[in-house]
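Fold and contact review
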Amino acid sequence: MRPILMKGHERPLTFLKYNRDGDLLFSCAKDHTPTVWFADNGERLGTYRGHNGAVWSCDVSRDSMRLITGSADQTVKLWNVQTGAQLYTFNFGSPARTIVSAGEDAVIRIWDSETGKLLREADKESGHKKTITSLTKSADGSHFLTGSLDKSAKLWDTRTLTLIKTYVTERPVNAVAMSPLLDHVVLGGGQDASAVTTTDHRAGKFEAKFFDKILQEEIGGVKGHFGPINALAFNPDGKSFSSGGEDGYVRLHHFDPDYFNIKI
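Residues numbered from 1 in each chain as written. Predicted model: local features only at pLDDT ≥ 70, side-chain atom pairs only at ≥ 80, totals over all residues. Heavy atoms only, no water.

Some words on the UniProt feature "repeat: WD" (unreviewed entry) in the protein
What UniProt calls "repeat: WD" (unreviewed entry) maps, in this numbering, to residues 6–47, 48–89, 87–121, 125–166 and 222–252. Summarising residues 222–252: 0% helix, 58% strand, and an end-to-end C-alpha distance of 11 Å. (UniProt positions renumbered as here; feature names shortened; annotations may be inferred. Helix = DSSP H or I, 4+ residues; strand = E, 2+ residues; numbered from the N terminus.)

Below, the structure written as structure tokens:
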């Protein structure tokens, strides 16, 4: 599985998102400029200029006509996907509240989106021990996956916040993703960014690690980045995925039909 190298960002990647049809890939980075690519060949289609800070996340409408981005400049912007025009800017005095939250205190919380009331907290004994870096939910919303600097990822029941599975690796986890096609989870990370310059890239463990979702066993890995992986996303069809790294590159990986014994 040879990746397609996509160079366009000038600073580390932070987030990746496919549209519903899986033909477009949106990337966010610390360079303030979200970018859209063709998901099959990695061709860059355009950029969205207007943020004045790192862009941490994005989402795209079901019809792929609108893109929404959230930034460290304390704004959320709505864009026309095709033209790149800003349609609206939402200003916040602080980051927007989410329904499921996780962060530096390593505690997962569920909130009432209308009242802001805290509804539930995950058990600290079974939870992460260090900063939670990433969170992604399943397609049906019944469970979600978190990654942490404690070198693990954990699968949770959304309704009860019960811990379902734990996936252990040897490096801090910066990004997580779940295959929509198979019972696979992917973890991305690497050593702390502060130590990257002093370590040969081959020793930095800068690879995406695949785990069996049920058995919790590592089943393979994909190398390529020259620094920690900060973002992962599966195409909705499950036949390709992308990774974004501290090195500023996006890599697009198409699965071979028999890769990891996958039968497509």
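Okay, back to it.
Some words on the pairing of strand E14 (residues 143–148)
With 6 of 6 residues buried, E14 is to be regarded as a mostly interior element. Every second residue of E14 is oriented toward a common face, with His143, Leu145 and Gly147 on one face and Phe144, Thr146 and Ser148 on the other, all of them buried. Taken together, the 5 bridges between strand E13 (residues 132–137) and E14 define a ladder with antiparallel strand orientation. Each bridged residue has a counterpart across the sheet, and for Thr136 the counterpart in E14 is Leu145. Between E13 and the antiparallel strand that follows it, E14, lie 5 residues; Gly141 among them carries a positive phi value of about 75°. (Buried < 20%, exposed > 50% of the residue type's maximum accessible area, 1.4 Å probe, protein only. Pairing = 2+ DSSP bridges.)

Observations regarding the side chain of Lys209
Along the chain, the position of Lys209 falls in strand E19 (residues 207–212). Among the residues examined, Lys209 registers a relative accessible area of 7% and is labelled buried. Setting aside residues no more than four positions away along its own chain, Lys209 makes contact with Thr169, Glu170, Val185, Val186, Leu187, Glu218, Gly220 and Gly221. (Contact = heavy atoms within 4.5 Å.)

Details of the sheet that holds E13
In spatial order, the strands read E13-E14-E15-E16; together these 4 strands make up an open sheet with antiparallel pairing. Here the strands that pair on one side only, and so sit at the sheet edges, are E13 and strand E16 (163–168). Neighbour-to-neighbour, the strand axes of this sheet turn through a mean angle of 20°, independent of strand direction. Two elements, strand E15 (residues 152–157) and E16, share 5 bridges in a ladder whose sense is antiparallel. Across the sheet, the residue bridging to Ser152 is Val168, located in E16. (Axes fitted to C-alpha atoms, helices over the stretch in contact; angles between N-to-C directions.)

Structural notes on the pattern of salt bridges
For the structure on display, the rule yields 6 salt bridges. With its nearest N and O atoms 2.8 Å apart, the salt bridge here joins Asp105 to Arg109. Classification of Asp105 by relative accessible area gives partly exposed; the value is 42%. Overall, the relative accessible area of 18% leaves Arg109 in the buried class. (Salt bridge = Lys/Arg side-chain N within 4 Å of Asp/Glu carboxyl O.)

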